[in-house]
Amino acid sequence: MTPESIKKFVIVGGGTAGWIAAATLGNIFRHSEVEIELVESDDIGVIGVGEATIPPLLTILESLGIDLVDFIKHTQASFKLGIQFDDWHTIGEGYFHPFGTLGRSIDGHDFFQCWLKSKAEGDDTPLMAHSPEAVLAQQGRFFLPFEAQGTPLASTTFALHLDAVLAGKYLRKFAEKSGVKRTEGLVESVSRSDKGLIKSVTLQSGVEIAGDFFIDCSGFKGLLIEEALETGYEDWSEFLPCNRAVTVQTENMGDTTPYTIATARAAGWTWRIPLQHRTGNGYVFCDKYCSDEEAIETLLSSIEGQPLTEPRVIPFTTGVRHKAWNQNCLALGLAQGFLEPLESTAIHLVSKSLALFVRLFPTAECDTQLSDEFNRRVRQDYEEIRDFLVLHYCTTQRDDTPFWRWCQQMELPVKLKAKLDLFKVHGGLIPGTEELFQPTSWYAVFDGMGVEPVGYNPTLDAIDYHKLKQSLHSGKTAIQTSAATQPSHDEFLRTYCPA
Ligand code: FAD
């Protein structure tokens, strides 16, 4: 007998995760009989933060057929070339983590090894002089790489800063156009079959919504995945102890930097995310070392411009659900897990999970081989990102507060320790094909945090050093020269997306 196919999806939650899920599934099933219904409660509302993204967001928009200019206009977005990290290594020092790759290989040798060789020969050119994104960011400029073919900036990679609430509204419109039904109401109870599968959710109004597959986008509490299915959550506070954030929005002071700023503070770090109409600010901190009052004071004394909102404190626990897909329920967004927004990965994890779910698409029976594979891969993604985040902390030289002293002596995740040790002796990393953070990202943080390998790859001794030096010099100069001809980010926004 052919297994029954899924005829109805019920999505609980209309935050960024819920509407990305609705837009993605709505787009896939727009010419079919499959029904998609999203339930959200206006009384509860959305978390309303989550404003910095990474480049894969653009691929999602493209796959949905969403016009970039239209999206930018409606979400008051600005462009993002990477993240400026200040005061992480020591107070007063900063570094840039760019999107994209660094330089080009020379005579088949990996670029980073060429740079290490040149450094060993006495060249003091910073690594980031070879990154188009870092150079543009330093100059506060932006342009679209596909309009710069043939220049060294053609490979520039970018993402967006966006207003999360406006993005949700935009995606809602998009999803509704492809047939997704939205129901307003508060889910009060969940009913399950004898086999334990979710059958339906019942709203406060008494309306029952049945479905074959449920997507839990209800936020931190995990209404279906946790409260109904009791899936369990793995707490990773031992590696990432920050557990609260305070946020405030401020007016845009006219300098819309094409990058996020993450500044290390006494018990965590603050973010500054510039949008067209305002700036998002927040302080991610650990309550063991800082009270809410102190955090609010730190944040308010670090912002530029008038606050537009009252400070708001958001508690969280870093970690991941034991199973992101359990029975006929898939958890996305905050219901799936949480990693602090240091590298802006949460929205990406929503769409990556959805893409994987579509590749492993189940029938109504929900074969556990599919969900097991899904859960294995999602966990791998979370661990990989977690380790990359920990790298930012554990390599600090700061010892000015108990928080940073703790970071210096923390126990590292096993894989991170192995990666760090390998880098130190080998001077390089072998890219994992499915890994989000490729070696360039790791090199940016290693370099910024003063982690140095003992040397370069010995094969570089066979290279013609004069040729290598010239190649590095001309590459760097070409980036600098091309970047200097581009408009400022604010100018670019005004012409590309006029109000
Ligand atoms: P929510 O926005 O909380 O939505 C939950 C939805 O469920 C709401 O619609 C609510 O009404 C509904 N709901 C809940 N209970 C019920 C019920 N009983 N009945 C009906 N409906 C219900 N991500 C990034 O990518 N970049 C960032 O820079 C970033 N910064 C962040 C900063 C902070 C401090 C935090 C906490 C998160 C950040 N994130 C970031 C993560 C990002 O905000 C979330 O991943 C994203 O917004 C998705 O949230 P969500 O949709 O899962 O949950």
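Structural data are supplied above this passage.
No experiment lies behind these values; they were computed from the predicted model shown. (Residues numbered from 1 in each chain as written. Predicted model: local features only at pLDDT ≥ 70, side-chain atom pairs only at ≥ 80, totals over all residues. Heavy atoms only, no water.)

## Focus on the overall build of the chain
Then, in step 1: Looking only at helices and strands, the chain features 15 helices and 21 strands.
Then, in step 2: A compact globule built from 499 residues would reach a C-alpha radius of gyration of about 23 Å, and the chain, at 23 Å, matches this within 12%.
Then, in step 3: Overall size of the chain, expressed as C-alpha extent along the three principal axes, is 75 × 50 × 50 Å.
Then, in step 4: For the chain, the proportion of contacts with a sequence separation of at least 24, taken over those separated by at least 6, is 76%.
Then, in step 5: Within the chain, one finds 43 positive and 66 negative side-chain charges whose respective centroids are separated by 3 Å. (Helix = DSSP H or I, 4+ residues; strand = E, 2+ residues; numbered from the N terminus. Rg over C-alpha atoms; globule rule 2.2 N^0.38 Å. Contact = heavy atoms within 4.5 Å. Lys, Arg positive; Asp, Glu negative; His and termini not counted. Charge placed at Lys NZ, Arg CZ, Asp CG, Glu CD.)

## What about the layout of surface pockets?
Then, in step 1: Considered as a void within the structure, the second largest pocket measures approximately 580 Å³ in volume.
Then, in step 2: Every residue lining the second largest pocket is counted, 25 residues in all, and those nearest its centre are Q380, D381, E384, E434 and E435.
Then, in step 3: Those elements that provide at least two residues to the lining of the second largest pocket are α9 (346-359), α10 (368-394) and α12 (414-426).
Then, in step 4: Broken down by element, the lining of the second largest pocket gets its largest block of residues, eight residues, from α10.
Then, in step 5: Of the residues contributing to the lining of the second largest pocket, the split by class is eight nonpolar, four polar and 13 charged. (1 Å grid on protein atoms, 1.4 Å probe; cavity = no way out; pocket = protein on both sides within 12 Å on 5 of 7 lines; lining within 4 Å. Points joined across faces, edges and corners; volume = space filled by probe spheres on them. Nonpolar A, V, L, I, M, F, W, Y, C, P; charged D, E, K, R; others polar.)

## Some details on the packing of helix α4 (residues 111-120) against helix α14 (residues 465-484)
Then, in step 1: Interaxial distance between α4 and α14 falls to 10 Å at its minimum, and their mutual angle equals 110 degrees. Classed by the angle they form, the pair α4 and α14 counts as roughly perpendicular. Seen from α4, the contacting residues are F111, C114, W115, K117 and S118; seen from α14, they are Y465, L468 and L472.
Then, in step 2: Looking at the contact of α4 with α14, its residues break down into six nonpolar, one polar and one charged. (Axes fitted to C-alpha atoms, helices over the stretch in contact; angles between N-to-C directions. Parallel < 35°, antiparallel > 145°, perpendicular 65-115°, else oblique.)

## Section: empty space enclosed by the protein
Then, in step 1: Counted under the stated rule, the structure contains six cavities of 30 Å³ or more.
Then, in step 2: Estimates place the volume of the largest cavity at around 90 Å³.
Then, in step 3: Going through the elements one at a time, α1 (16-28), α2 (56-63) and α6 (164-177) are the ones with two or more residues in the lining of the largest cavity.
Then, in step 4: Among the elements that take part in the lining of the largest cavity, α2 stands out by supplying three residues, more than any other.
Then, in step 5: Within the lining of the largest cavity, the residues separate by chemical class into 10 nonpolar, one polar and no charged.

## Focus: the sheet that holds strand β10 (residues 208-210)
Then, in step 1: Spatially, β8-β9-β10 is the arrangement adopted by the three strands of the open sheet, whose pairing is antiparallel. Of all strands in the sheet, those bounded by a partner on one side alone are β8 (187-192) and β10. Neighbouring strand axes in the sheet, compared pairwise and without regard to direction, differ in orientation by 25 degrees on average.
Then, in step 2: Where strand β9 (residues 198-203) and β10 come together, three bridges link them in antiparallel fashion. Bridge pairing in β10 links V201 to I209. (Pairing = 2+ DSSP bridges.)

## Things to note about the site of the ligand
Then, in step 1: If you check the shell around the ligand, you find 32 residues, and the closest are G14, V49, A52, V187 and I347.
Then, in step 2: Between A17 and the ligand, the recorded distance is 3.0 Å, taken from a backbone N or O atom to an oxygen atom.
Then, in step 3: Contact between the ligand and I347: an oxygen atom at 2.9 Å from a main-chain N or O atom of the residue.
Then, in step 4: For the ligand, the accessible surface in isolation is 1000 Å², of which the surrounding protein chains cover 97%.
Then, in step 5: Among the elements of the structure, α1 and α9 are those that each provide at least two residues to the shell around the ligand.
Then, in step 6: Along the lines of polarity and charge, the residues of the shell around the ligand split into 17 nonpolar, 12 polar and three charged. (Near = heavy atom within 4 Å. Polar contact = N/O pair within 3.5 Å; in protein donor to acceptor, adjacent residues only side chain to side chain. Areas by Shrake-Rupley, 256 points an atom, 1.4 Å probe, with all protein chains shown as cover.)

## A word on unusual backbone geometry
When glycine is set aside, most residues are seen to have a negative phi, and most peptide bonds are trans.
Then, in step 1: In this structure, Q76 is a non-glycine residue whose phi angle is positive, near 55 degrees.
Then, in step 2: Locating Q76 in the fold gives a position in the loop between α3 (68-75) and β3 (78-80).
Then, in step 3: Overall, the relative accessible area of 23% leaves Q76 in the partly exposed class.
Then, in step 4: Even without glycine at this site, D107 takes up a positive phi of about 50 degrees. (Buried < 20%, exposed > 50% of the residue type's maximum accessible area, 1.4 Å probe, protein only.)

## Some remarks on α10
Then, in step 1: Along its 27 residues, α10 runs 37 Å from first to last C-alpha, staying within 8% of the 39 Å computed at 1.5 Å per residue.
Then, in step 2: Two or three places before Q369, at the opening of α10, D367 has a side-chain oxygen 2.8 Å from that residue's backbone nitrogen. (Expected span 1.5 Å × (residues − 1).)

## Structural notes on the pattern of salt bridges
Then, in step 1: What the rule picks out here adds up to 26 salt bridges.
Then, in step 2: Residue R278 pairs with D163 through a salt bridge whose shortest N-O separation is 3.3 Å. One end of the pair, R278, is in strand β16 (residues 278-285); the other, D163, is in the loop between β6 (159-161) and α6, with 115 residues separating them in the sequence. One exposure class covers both R278 and D163, and it is buried.
Then, in step 3: Close ionic contact of D292 with R244 constitutes a salt bridge, the shortest N to O distance being 2.8 Å. Taken together, the residues span a long stretch of sequence, with D292 in helix α8 (residues 292-302) and R244 in strand β13 (residues 244-251) at a distance of 48 residues.
Then, in step 4: By sharing partners, the salt bridges in this structure join E234, R379, E383 and K415 into a single network. (Salt bridge = Lys/Arg side-chain N within 4 Å of Asp/Glu carboxyl O.)

## Quick notes on the environment of Q113
Then, in step 1: Of note, Q113 is situated in helix α4.
Then, in step 2: Under the relative-accessibility criterion, Q113 is labelled buried at 5%.
Then, in step 3: For the pair Q113 and G428, spaced 315 residues apart in the sequence, the C-alpha separation amounts to 7.4 Å.
Then, in step 4: In this view, Q113 contacts G427, G428, Y456, N457 and L460; residues no more than four positions away in its chain are not counted.
Then, in step 5: A polar side-chain atom of Q113 sits 2.7 Å from the main-chain amide nitrogen of N457.

## Some remarks on the state of the cysteines
Then, in step 1: The final tally for this structure, using the stated rule, is zero disulfides.
Then, in step 2: Counting only cysteine sulfurs, C329 is the nearest neighbor of C217, a cysteine outside any disulfide, at a range of 9.1 Å.
Then, in step 3: The buried category is assigned to C217, whose relative accessible area is 8%.
Then, in step 4: Not part of a disulfide, C242 finds its nearest cysteine sulfur in C286, a span of 5.9 Å. (Disulfide = S-S within 2.5 Å.)

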